[in-house]
Structures are given as C-alpha cells and as structure tokens.
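Each chain, letter by letter, is given below.
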Amino acid sequence: LVHRMVMELILYSLIFIALGIGSYTDLKTREVPDYLSYGLIFSGLGLRLLYSAITLDTSIFIEGFVGFILFVMFGYIMYYSGQWGGGDSKLLMGIGAVMGLDFNFFLKSTLVLFFVSVLFAGAVYGMIWIGCLAIKHRVLAAQEFRKLIKNHKKGRNIVLIISALAALAVIIWRPLVTLFSIPATIILLLAAMLPLAFWYLAHGVKAIENVAFYKTVDPDQLTEGDWIANDIYINDQWITGPSDLGITNAKIKKMKGYFAQGKVGKVKIKEGIPFVPSFLLGFIATLLMGSWP
C-alpha cells in the first residue's frame, strides 16, 4: 500500500508538471511539445512496470497499459473528428498511461473521474473562450452572423416551422400535460423553441469561428500540425489541405520550396481553441473530488 501511494504521488506530480508546461505552450504558441506526451507515456508505463516488479503486482502495470489504450482510442476519435489537434490527443494518451484504470474501484477510478471532469471543464472552458472571442471580434462576428443567416434562410425557415409546430402541439394538448399548470406549459413552450435557438447558436459559433479562428501566414511560418484551411494545388496536383488533419514537416518543406519559387503565396490556416488548460482544470477538479492518494 505504501509503495502504491508513493508511486501515485510521483505519477500525479508528473501529470501536474506536464499539464502546467503544456498549458503555457498551448496558450502561447498553440503547440504541445511532443516530449511532454512521450515523456508521460514512457515514464508512466516505465514506473508502473518498475513498481510491478518491486511489489510482484502485475495489476499496477496492466492498469497503466489499459488506461493508455483507452485514451489512445478516445484521442484518435477527437483528432479524426477535427475536435482536437495531435498534441492534445497525444498528451491525453500520456495521462492515461500515468493514471491508469483502477479495476477495483472502476466508477471511482481516478481515470474515470478525470475523464468526466475534462468533459465538463472542456465544455465550460470552450464556452468562455468563444464568449471572449465574440466580445473581441463583435463587429466582424455580427457582420458574419448576418451573412450566414441570409445565406441559410431555407434552413432557418424549416427549423422555425418545426419549433412552431412543436409549440402548437403543446397548446393543443395542454390538458394532457401531467403537471396541469401554467409553469409547466411555459417550460414546454420554451422546449419547443430549442431547435430554433440551437440553430441560431450554431450559426453564431460558426460566425465567430470564421472571423477569429483563421489567419494567413507565409509557408516559412508553418509548423507541424498546422491545419491548412484550403486545398492547395500546384500545376493541378494536390499538395495539402484540410484532409491532412495537420500538415507534416515533409509537406512544409515542399511548401517552402514552392514559396521560394513563387508558385504559392500566403497560406490560410485554422487555429483551434487551446484545450490543454481544460485538461489542467479537469485534473485539479479530480484531485479536489478526493482522488489524491
């Protein structure tokens, strides 16, 4: 038991340090150094293997390996769905290896609590970040929002009809409402308006994304993992684009060559929300919920 507490103290300290450094670099450069991710993976599995050998308890290493595999799968889902960059996903894999999945207390496992905490912290953090961008770019965002609404009138009208029919159904069938009261009816009417509200919200977020998440840079300024916003062709040959899910160093080298030859100009890239700070917030919340050894 003492060996396990010492091990967890060391491993949790590694996570805290890695997330602190990762949060700083993510906020400053929108990048997460690979040494943090790979360092967590190798140190987590390595220390767990060492403690397994010392205590003759193979479950210590197995828990770390299972945690690593679970977060590899989740990281790939988030990466290929375009929600996170490669650095975010790899850092999460390292955390999985370090934390491990406690089979004896699955629902109270640190890994499970951390996963739930990150989902909640990420949602709140993302909304705050979007809100700050909306305030910062309020003029351009408002213009883009009006343009999007104008270009998607057909979709808005369809959603409006759906919400109107739902509201009409509430009024017609009000006598069948279990809680026959004015407050219950008001709540149902508000619920009927949710499709329309979500439609406007989605277009509002898209407007902020269009004006705040893109910038143009010279190919010399590209770094590995940058998301190229538009497909780039040279002599009708596709070079790179959004489907790359982050440009590679090999393609950056090619782009620099084409730029030197005058075949390409500035490149439009998409910058996402720096999510590593939400990992740190989720980790702190996990410790505060009582998972510290």
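These figures come from a predicted structure and were not determined experimentally.

> Sorry if this is basic, but what is going on with the overall build of the protein chain here?
Counting its secondary structure elements, the protein chain contains 11 helices and 5 strands. Taken over the C-alpha trace, the protein chain has a radius of gyration of 24 Å; the compact-globule value for 293 residues is 19 Å, which it surpasses by more than 25%. Counting only C-alpha atoms, the protein chain reaches 70 × 70 × 30 Å along its principal axes. By residue count, 39% of the 293 residues in the protein chain fall in the buried class. Once local pairs closer than 6 in sequence are excluded, the contacts in the protein chain between residues at least 24 apart make up 72%.

> Whenever I open this one, the pattern of salt bridges confuses me. Can you help?
A side chain of one charge can pair with a side chain of the opposite charge if their charged atoms are brought near each other. Taken as a whole and assessed by the stated rule, the structure comprises 7 salt bridges. The salt bridge involving glutamate 144 is made with lysine 147; its shortest N-O contact spans 3.4 Å. Of this pair, glutamate 144 and lysine 147 both sit in helix α6 (residues 138-151), 3 residues apart, which is roughly one turn of that helix. Taken together, the shared-partner salt bridges in this structure form one network comprising Lys206, Glu209 and Lys270.

> Can you help me understand the nonpolar core in this one?
Counting residues in each nonpolar core, the largest one holds 38 residues, and the members touching the most others are Leu19, Leu91, Ile95 and Phe114. Secondary-structure elements contributing two or more residues to this core are α1 (2-29), α2 (34-55), α3 (59-80), α4 (86-99), α5 (110-136), α9 (194-212) and α11 (276-291). Sort the elements by how many residues they give to this core and α5 lands first, with 7 residues. Aside from chain neighbours lying at most four places away, what touches isoleucine 95 is Ile15, Leu19, Leu40, Phe71, Gly100 and Phe114. Counting 13 residues, the second-largest nonpolar core is a separate cluster that includes Val217, Leu222, Ile247 and Tyr258.

Scoring rules and cut-offs
In this convention, every chain numbers its residues from 1, walking through the sequence in written order. Residue-level local features of this predicted model are given only where pLDDT is at least 70; pairs of side-chain atoms are given and counted only at 80 or more, and the full residue set underlies all totals for whole chains, interfaces and linings. Excluding hydrogens and water, the side-chain values take into account all heavy atoms of the structure. What counts as a helix is a DSSP run of H or I of at least four residues, what counts as a strand is a run of E of at least two, and both are numbered from the N terminus. C-alpha atoms define the radius of gyration in this analysis, and the globule rule sets the expected value at 2.2 Å times the number of residues to the power 0.38. Here the term buried applies to any residue with accessible area under 20% of the maximum for its type, exposed to any over 50%, and partly exposed to those in between, with areas from a 1.4 Å probe on protein chains only. Throughout, a residue-residue contact means that at least one pair of heavy atoms, one from each residue, lies within 4.5 Å. Counted as salt bridges are all cases of a side-chain nitrogen of Lys or Arg within 4 Å of a carboxyl oxygen of Asp or Glu. In these notes, a set of buried Ala, Val, Leu, Ile, Met, Phe, Trp, Tyr and Cys residues joined through side-chain atoms within 4.5 Å is what counts as a nonpolar core.

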